[in-house]
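# Observations on chain architecture
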Amino acid sequence: MKRRSTNRRNFLRLGIAAGATALIASGGSVLSAISAPENKETGEKIKLLTPDGKLVEVDKGHVCCQPAGNLEARQGLPDKKMVMVIDLAKCRNARKCLQGCQKMHHLPPHMEWIKFYLLRDSEEMSPYWFPKPCLHCNNPPCVKVCPVGATFKRTDGIVLIDNDRCIGCKFCMAACPYSSRVFNWEEPKLDKGVDAAAYSPETSSPPKMGTVSKCDFCPDMVRKGELPNCVKSCPNGVFYYGDRNEDAVTNGTDTVRFSELIDTRAAYRFMEELGTEPSVYYLPAVDRAFDYKEGFEGLSEEEITLYKKEANITE
Amino acid sequence: MYEDEKTQQNLYAFKPQLEKMSNWGIALIVVLVTVIGFGVYALYIQIVDGHIVTGMRDNVVWGLYIVNFIFFIGISYAGALISGILHLLRVPWRTPIIRMAEMITVISTMIGPAYILLCIGRLDRLPNLLLFGRIQSPIIWDVIAITTYLSGSIIFLYLAMIRDLSILRDNPVKNARWRNPIYKFLSVRYKDTTKQKEILNVSTDLLSIVIIPLAILVHSVLAWIFGMTLRPGWHSTIFAPYFVIAAVYSGTGVLIVVMWVFRKIYHLEAQITKIHFNYLGIIMIILGALYGYFTFSEYLTSWYGSIKWDMEVLYRLFNPHEYLALFVFAVFVGVLLPIIIVTVPKFRNINSIAFAAAIAVLALWIKRYLIIIPTLESPLLPLHDLRPEYVKYSATWVEWALTFAGIALFILLFYLFSKFIPIMPIVRTGEEKDYSRLRKIVFEKQMKKVIKHHNKSDAAVTGMMILLLLSFTPSLMAQDDSKIQPLLKLEYFHIDSVNKLAATLKAKVDGKFLPLEDMEIAFKYSQGGNLTVMNISTTNDKGRASFDIPEEIIASGGDKGVYLFEASFAGKGNYESATGRNSMKPLRLELSFSQKEGGKMANLKAFESGPDNQWIPVENLDVVFYVPRTFSLLKVGQASVVNGAASVEFPTSVPGNQLGYLTLLAKVEDNETYGNVEASGTINWGKPLPADKILKRGLGDTNAPLWMVYTLIVLLSLVWFHYMYVIYTVFRIRYLGKS
């Protein structure tokens, strides 16, 4: 078969674009595991499925590894609809997801794209840990109010921010009912190399003073067929991530049917009554693997007190 | 022209205001400019250091600036109300105060938007509002509405000035070398001819009709910035009318204060009388009562419904340790005190009414603070932060400096403007002449009738330390004398008729296996006890190195059909050498699909290499079936191969591509004899994927809903058509004055 040397975007339309079953060479994980280090011109060929079921072979460098530019990043990965399922029964507030996230996005320690709450619905009920990334709503209040379209909803369900366009009016922060957004209040202190890297809304890096940022669902990783760092860093497999169009989510160890998971585990979306239609689903904290108190490990006395106050725990 | 006695008297009384500048005036300007200069310095700091210098943080994203923004746009209502409504109703006593009201409108509409600019993190990107503006955003509504309102107010103010400008042209002002030509130019040859008079009156009426609904819309749009969010205390349908009423209330208050000040400094006791204070005082308390009613309705509804989040905001407002004192002042004192002062005859005089107005204005400023801050401090999820400045808003000196700079700028512009043109019209219009008679009879009667987290950083530091430790452990361990024994795992893969060896090198550090990067791995092939090095490659960041086994080695037949491979690591630094072995027997899998009456089946055939390069069916082999997904393989079934064959039902419920093409993988995993072998096949039996949605118009999309576009076009053209017409009439006046 003639190899295609069209540009990446056209190729995506043809290959990953239309063919939902993308990397068939060996199955994503194995392939990326044996492949050469990322971001290099690989010379390595991978096979992709065209819409009519034919296989074509392309250089891996053409399909992955480089995050999209500002305009291209508005398109969304074709035919994908990214979703996350968070299993509250397995979370013990270890915060490894946050550490992984901060490392990957070069965030200062206080800038949290995943926030941790100790929720308790009423006094008779038991408290549970509640990690919360951006919920990537399908009816996003933040996107509606943006005056310049700096934050946008993509066809693949991801809500991104173009930090080159954002004017920093913070309206989206006021509009987000989930407190998912944070502001770069001062000039970000960046490591060398990070600040010189080319900006992409898909990596949200390097951050820019006077603009808004938040959890970006790691579309740059999706392009590479890799899981976001929060999913990979969680020691308990709390985060499942995947493409709803493929009906599959994975936490790195287990891959399960998305429809089955949310059906059998009675998943819910947070504050569904607001009509925001989040892309993040929560599995209720039943048959828990940990006592909520284990989540206090490693926290300061002050923070424990604050959590107890928020959850109305008196002891 | 204007030979009437009143006009001459006024000219005589007002001209000195334009001709002299008192020492007090100069001192005032110096003070104001100093305050403004300090504000500019604060702005410079804010631009250079970022918004970190303000009290705004991730939860309270807006602070004093937005409060001032609402406040200034609010007081701009004075002009819309007085000049618009009073003009249309031909209220006789309006003339002396009408220009002050219009000036309040123009000046505060210029200062107000400056405060919203101060909330913006990237002022350098303001052109984006024009380049990428989305009319779905209430901020764009505001930009459009305020610019339209400001333009209208300026035109309106100018129309009302034309008569006076013509008088000043005919009676040149002393010490006004550069002002006199301006008067001449702006007076557009107005000579008060019948035709000119008629045109001017029609235009003024027209514009005052346009400006009233426009003013209501402007303040509604401002309220919608808050009303359109899903925040407790903001997301309320009453917000737009509530803001409108509060705005008119504060606008009237400011007008009374301004009247009182100019009456004092320019000695206008003859022109601005008690009657003006009384009438405006009555208007003010009616508005104050409406504002009190709206406030009561708003909080009663929230309290009665007692939704959790609404209650949290109410709790803050009624908490003596938070906002109770301010709330009492803004709502009770701010409404009741003016009502008492104006309605009880004993308390009612010019000074007390001005005092009541000042209290009302202050209360309204505080009310805006109470609308913004407590709501932002009460997010729907708990505000979990250990840094106190992120939990509780308190304005910094930068914000206060800019607040006072705005007030100073307001006063300065007002003062300078009063040096350019008299603070009240020189020319008395027709209906005005009856006014002195009117006030005695009507007013007293009317009055009688009317009376009726600090240690968050600890946790963060600990987190950082753990990260640091993890990243440095290999090097820390290097200082240790004991060497580390890494693990080398060698796996065999047969994928798409390529034979691959993959070696993974890991070392246990602190109880955790970490991959070793950049290590050399030698791949070897053993035949009859002789080891041959086939290839040396380097591990990647996942500790993995791979090698495609050349065809001729497979073709050699191995050791009775069995091949033995070895990978070795020679050791480096503190890592000891390690070896991994793998023996395998070639296995061939063939996947095919068939459709029987029972359903769609995937059939697998498995052969192993026998002696003499023959392929013989395999007995007993576990095979797992997968479907490749973006990140991983989704298991869809498993089967045991018996007599070289197995079959499973095809997973038809799993989504394929748009035509339903789905790839199925059959895998033998980590088998002791065969290693890892897989086969794949693709067929259009999967669930077809629905086509990508076509871009539509909507609130969250790039393009706005059509009704929104049409509404905007209709409203804007209506308003701007009138502006254009009025501007045209000004040229017409100029043309008529030629003869």
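Scroll up to find the structure.
Throughout, residues of each chain are indexed from 1 in the direction in which the sequence is written. Chain labels run from A onward and ligand labels from 1 onward, assigned in the order the entries are written. Local features are withheld for residues below a pLDDT of 70 in this predicted model, meaning they are given only at 70 or higher, and side-chain atom pairs are given and counted only at 80 or more; totals for whole chains, interfaces and linings count all residues. Values shown for side chains rest on all heavy atoms present in the structure; no hydrogens or waters enter the calculation.

## A few points about the overall build of chain A
The following threshold applies: Elements are defined by DSSP. Helices are runs of H or I of four residues or more, strands are runs of E of two residues or more, and each kind is numbered from the N terminus. Should any heavy atoms of two residues lie within 4.5 Å, those residues are counted as being in contact.
Each helix and strand in chain A was counted, giving 10 helices and 13 strands. Considering only contacts within chain A whose residues lie at least 6 apart along the sequence, 63% involve residues at least 24 apart.

## Notes on the overall build of chain B
Worth spelling out the cut-off: Each residue is placed in one exposure class: buried if its accessible area under a 1.4 Å probe, protein chains only, is under 20% of its type's maximum, exposed if it is over 50%, and partly exposed if it falls in between. In these tables, accessible area is a Shrake-Rupley quantity obtained with a 1.4 Å probe, and a residue counts as shielded only by the protein chains included in the view.
Secondary structure assignment for chain B yields 20 helices and 16 strands. Considering chain B as a whole, with its 739 residues, one finds that 54% of them fall into the buried category. For chain B, the accessible surface area stands at approximately 33900 Å², while carbon and sulfur atoms represent 63% of it.

## Observations regarding the sheet that holds strand β10 (residues 239-243) of chain A
All names here are of chain A. Note the threshold: For two strands to pair, DSSP has to find at least two bridges joining them. Axis angles are defined between N-to-C directions and span 0 to 180 degrees, where every axis is a line fitted to C-alpha atoms and, for a helix, only to the segment in contact.
Here five strands make up an open sheet; going across it, the order is β12-β11-β10-β3-β13 and the pairing mixed. Across the chains shown, the open sheet's two edge strands, defined by having one partner strand only, are β12 (255-257) and β13 (280-283). Pairwise comparison of adjacent strand axes, ignoring direction, gives a mean angle of 25° for this sheet. Inspection of the sheet shows β10 paired to strand β11 (residues 248-250) by three bridges, in the antiparallel sense. Along β11, the bridge assignment pairs D243 with A248.

## So, the packing of helix α4 (residues 77-88) of chain B against helix α10 (residues 239-265) of chain B
Each packed pair of helices is defined by two parameters, the angle between the axes and the distance between the axes. Residue and element names in this part refer to chain B. Under the convention used in this document: In these notes the angle categories are as follows: under 35 degrees is roughly parallel, over 145 is roughly antiparallel, 65 to 115 is roughly perpendicular, and the rest is oblique. For this classification, the nonpolar set comprises Ala, Val, Leu, Ile, Met, Phe, Trp, Tyr, Cys and Pro, the charged set comprises Asp, Glu, Lys and Arg, and every other residue, Gly included, is treated as polar.
Contact geometry for α4 and α10: axes closest at 7 Å, N-to-C directions at 80°. What the angle tells us is that α4 and α10 run roughly perpendicular. Residues Y77, A78, L81 and I82 of α4 pack against V244, A247, V248, G251, T252 and L255 of α10. When the residues that make up the contact of α4 with α10 are grouped by side-chain class, the tally is eight nonpolar, two polar and no charged.

## Some words on the sheet that holds strand β8 (residues 578-584) of chain B
Residue and element names in this part refer to chain B. An order of β5-β4-β7-β8 is seen for the four strands of this open sheet, with the pairing classed as antiparallel. Bordering the open sheet on either side are β5 (530-538) and β8, each of which pairs with just one other strand. For this sheet, the mean angle separating the axes of adjacent strands, direction not counted, is 20°. Here strand β4 (residues 520-527) runs beside strand β7 (residues 563-569); their pairing, made up of six bridges, is antiparallel. What sits directly across from A522, in β7, is S568.

## Some details on unusual backbone geometry
Residues and elements named next belong to chain A. Put simply, S205 and P206 share a cis peptide bond, and its omega is -5°. Considering the arrangement of structural elements, one finds P206 in the loop between β8 (182-183) and β9 (212-213). One non-glycine residue, E277, adopts positive backbone phi at about 50°. In this structure, E277 sits in the loop between α9 (258-264) and β13. By relative accessible area, E277 is classed as partly exposed at 36%.

## Points about the environment of G25(B)
Here G25(B) lies in helix α2 (residues 23-49). The spatial distance from the C-alpha of G25(B) to the C-alpha of L416(B) is 9.7 Å, given a sequence separation of 391 residues.

## Here we look at the packing of aromatic side chains
The cut-off we apply is this: Each Phe, Tyr or Trp ring (for Trp, its six-membered ring) is paired with any other whose centre lies within 6.5 Å, and the angle between the two planes then decides the class: stacked below 30 degrees, edge-to-face above 60, tilted in between. Definition used: whenever NZ (Lys) or CZ (Arg) falls within 6 Å of the ring centre and also within 35 degrees of the ring normal, the charge is taken to sit over that ring.
Counted under the stated rule, the structure contains 51 aromatic pairs over all chains. Aromatic side chains F217(A) and Y241(A) sit 5.1 Å apart centroid to centroid with 85° between the ring planes, which places their arrangement in the edge-to-face category. Remark: Y241(A) occurs in strand β10 and F217(A) occurs in the loop between β9 and α7 (219-224); sequence separation between them is 24 residues. Overall, Y241(A) belongs to the buried group, its relative accessible area being 0%. Each member of the aromatic cluster is reached from another via a ring pair, and the members are F171(A), W62(B), F226(B), W234(B), F239(B), Y242(B), F243(B), Y249(B), Y291(B), Y293(B) and F294(B). Here the guanidinium or amino end of K208(A) rests over the ring plane of Y199(A), the centre of that ring lying 4.3 Å away. For the cation-ring pair, K667(B) lies above Y626(B), with the distance from its terminal atom to the ring centre recorded as 5.9 Å.

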